[in-house]
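# Structural overview for review
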Amino acid sequence: MVDISEDKLNELEQAHLDFISTVSHEIRTPLTSIRGFADTLLMSYDKLSEEQREKFLHIIKDQSNRLIKLVENLLTVSKMQSNKELLVYKAVDVASIVESCIQIIKLQYKTHKYECNYEKNLPKILVDADKFQQILINLIDNASKYSFENTTVYVDVFQNFKENTVCIAIKDEGAGITEENIEKIFKKFSRIDSPLTRKIQGNGLGLYITKTLVEKMDGKISVESSEKGSIFTVSFKIANVEDEVLKKIKE
Ligand code: ADP
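I will try to describe carefully the structure that is included in this document. Note that this is a predicted model, so its numbers are computed, not measured.

This next bit is on the packing of helix α1 (residues 6–44) against helix α2 (residues 50–82). Two quantities define a packed helix pair, namely the angle between the axes and the distance from one axis to the other. Put simply, α1 and α2 touch, their axes get as near as 9 Å, and they point 160 degrees apart. When the interaxial angle is binned, α1 and α2 end up roughly antiparallel. Crossing of α1 over α2 shows left-handed handedness. A per-class count over the contact of α1 with α2 returns 16 nonpolar, five polar and three charged.

What follows is the structure, given as structure tokens:
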């Protein structure tokens, strides 16, 4: 049996209450906006121009998407924390997953360019393919979201022979992140208070989920940033037959 002190219990309860309060706030903001614009459409439909109606419907759709994304992220966090989710490890070809992620992201960011560079003869890595894809999508999406239109996102994939890993570095030409903020961005619901972030939708869960998934798969994540942009690098162990068998047994 684990004995938990009263102080620890109070601390846990406070963390739980803070979590509920943050989530409620995150849900209330888009819901208030949806209700407001739906009310206006219902009450003043005839007085509004076609253009205004369309604009309000778009806002309702965007805010609903924001809620869906939030709920999806919350479910991911809850699954990760309950440790009930099984990871299915297999040897994965990094380049093909990077390519499929870029195809998905490209649809959303029409003015961005994406440049990938793969070192020759890259070995496979041992990860859960779906989770690995989720990590890359989060990072490439952020690199696109927090950089300016008509800029390029670079994805470099290379081997670290000393650590026996494959590294994926995602570089953007965005506004960058200060050293002080780098410490905060991996925490739950943490968003940097800047004019850029305020304009962009998000709930501050993406990097928390990303870091947790990377570490669950024994990988590493790091960030370098300057006013010219940021580089997020993740690395994972190279697959070898022995590890593959061991991981399978653990599952
Ligand atoms: P979200 O994007 O939903 O806000 P994240 O957890 O993915 O949540 O990111 C947390 C914060 O870190 C963002 O709000 C943003 O301020 C900052 N951030 C993340 N990626 C980048 C990036 N590539 N360039 C600049 N800032 C970033």
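In this section: the packing of aromatic side chains. Aromatic ring pairs: the centre-centre distance and the angle between the two ring planes describe each pair. This structure, assessed with the given rule, holds four aromatic pairs. Aromatic side chains Phe-19 and Phe-189 sit 5.7 Å apart centroid to centroid with 50 degrees between the ring planes, which places their arrangement in the tilted category. One end of the pair, Phe-19, is in helix α1; the other, Phe-189, is in the loop between α5 (179–182) and α6 (195–199), with 170 residues separating them in the sequence. Geometrically, the ring pair formed by Phe-186 and Phe-232 is edge-to-face, given 6.5 Å between the ring centres and 65 degrees between the ring planes. Of this pair, Phe-186 sits in the loop between α5 and α6 while Phe-232 sits in strand β7 (residues 229–237); the two residues are 46 residues apart in sequence, bridging distant segments of the chain. According to the relative accessible area criterion, Phe-186 is buried, its value standing at 14%. In this structure, Arg-53 is placed above the aromatic ring of Tyr-45, and the distance from its NZ or CZ to the ring centre is 4.1 Å. Lying over the aromatic face of Tyr-154, Lys-171 brings its terminal NZ or CZ to 4.7 Å of the ring centre.

Reading the values: rules and limits
- Residues numbered from 1 in each chain as written.
- Predicted model: local features only at pLDDT ≥ 70, side-chain atom pairs only at ≥ 80, totals over all residues.
- Heavy atoms only, no water.
- Axes fitted to C-alpha atoms, helices over the stretch in contact; angles between N-to-C directions.
- Helix = DSSP H or I, 4+ residues; strand = E, 2+ residues; numbered from the N terminus.
- Parallel < 35°, antiparallel > 145°, perpendicular 65-115°, else oblique.
- Left-handed = near helix turned anticlockwise from the far one by under 90°.
- Nonpolar A, V, L, I, M, F, W, Y, C, P; charged D, E, K, R; others polar.
- Phe/Tyr/Trp six-rings, centres within 6.5 Å; stacked < 30°, edge-to-face > 60°.
- Buried < 20%, exposed > 50% of the residue type's maximum accessible area, 1.4 Å probe, protein only.
- Lys NZ or Arg CZ within 6 Å of the ring centre and 35° of its normal.

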